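For reference, the chains in residue letters:
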Amino acid sequence: MVIYIHGFGSSGEGAKAKLFRKYFRDNGVGFIAPSLSYIPELAIKTLEELVESYNGEVQLIGSSLGGFYSIYLSHKYDVKAVLINPSIYPYKTLPKVLGNAPSFHDESSFTWMQFHIDSLKNYEVTSPVQENFMLLTQKGDETLNFQEAIDKLPNATLVVEEGGNHGYVGIERHFKSVESFLSK
């Protein structure tokens, strides 16, 4: 089972989730993209229950904050993960959205507080198992510093592209290599 983990303020119905869902379903691969709580503890609890419900027989795809969560879950359950423009230090980047933060699914908002940011530190992994990761990053990411991900995972399977943006332009070009990596 492939679990797609969306980023901050996004949902399991975001653009990348929909593209991956169609690809994996068209290819007969189990896929789920849950819409997670913005509260880190609740999001992680939901993801842990999902992983455990499949007896750890899962692979992860995480985008942005979902990449941070994927690093934690990969470490905890020793599973493979593909990270797309991942947030490596969300407790450093997310303070800029304190207060009313956007929900990109329906243009509503939620209250993002300092204790939410502080709680992210509970899920940091200092020494991830490099071979469990494929990193897809674009240097044109306007939200996160791509170099932080490369520095954290220098021996992962790396795909580093010029240009692009935080949403990852042209992600569909990598679907087959993502599937191949996850199925090894």
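Residues numbered from 1 in each chain as written. Predicted model: local features only at pLDDT ≥ 70, side-chain atom pairs only at ≥ 80, totals over all residues. Heavy atoms only, no water.

Before going further, it helps to spend a moment on the sheet that holds strand β3 (residues 59-63). Spatially, 6 strands are ordered β2-β1-β3-β4-β7-β8 in an open sheet, and the strand pairing comes out parallel. The sheet is open, and its two edges are formed by β2 (31-32) and β8 (157-161), each paired on a single side. In terms of strand pairing, strand β7 (residues 133-138) meets β8 through 5 bridges, oriented parallel. Opposite methionine 134, over in β8, you have threonine 157 as the bridge partner. (Pairing = 2+ DSSP bridges. Helix = DSSP H or I, 4+ residues; strand = E, 2+ residues; numbered from the N terminus.)

This part covers the environment of tyrosine 77. Counting through the fold element by element, tyrosine 77 comes out in helix α3 (residues 65-77). Sequence spacing of tyrosine 77 and glutamate 124 is 47 residues, and the spatial spacing of their C-alpha atoms is 14 Å. Not counting chain neighbours up to four residues away, the residues in contact with tyrosine 77 comprise Glu48, Val51 and Glu52. For tyrosine 77, the side chain forms a polar contact with the side chain of glutamate 52, separated by 2.5 Å. (Contact = heavy atoms within 4.5 Å. Polar contact = N/O pair within 3.5 Å; in protein donor to acceptor, adjacent residues only side chain to side chain.)

Okay, the packing of helix α1 (residues 15-26) against helix α7 (residues 175-183) next. Two elements in contact, α1 and α7, have axes separated by 11 Å at closest approach and are oriented at 65°. The angle between the axes of α1 and α7 places the two elements in the roughly perpendicular class. Like other packed secondary-structure pairs, α1 and α7 cross with a definite hand, here right-handed. Side by side, α1 and α7 meet where Leu19, Phe20, Tyr23 and Phe24 of the first sit next to Phe175, Lys176, Val178, Glu179 and Leu182 of the second. For the contact of α1 with α7, a count of residues per class yields 7 nonpolar, no polar and 2 charged. (Axes fitted to C-alpha atoms, helices over the stretch in contact; angles between N-to-C directions. Parallel < 35°, antiparallel > 145°, perpendicular 65-115°, else oblique. Left-handed = near helix turned anticlockwise from the far one by under 90°. Nonpolar A, V, L, I, M, F, W, Y, C, P; charged D, E, K, R; others polar.)

Below, the discussion takes up the nonpolar core. Counting 38 residues, the largest nonpolar core has Ile3, Ile5, Leu60, Tyr69, Trp112 and Leu120 as the members making the most contacts within it. Counting only elements with at least two residues in this core, the list comes to β1 (2-5), α2 (40-53), α3, β4 (81-84), β6 (109-112), α5 (114-120), β7 and α6 (146-152). In terms of residue count, the dominant contributor to this core is α3 (7 residues). Those residues within four positions of isoleucine 3 in sequence are excluded, and the remaining contacts are Ile32, Pro34, Leu47, Leu50, Val51, Val58, Gln59, Leu60 and Ile61. Ranked by size, the runner-up nonpolar core spans 20 residues in total, among them Ile61, Ile84, Leu136 and Leu182. (Core = buried A, V, L, I, M, F, W, Y, C linked by side-chain atoms within 4.5 Å. Buried < 20%, exposed > 50% of the residue type's maximum accessible area, 1.4 Å probe, protein only.)

Purely geometric stuff here, so don't read any function into it on its own.
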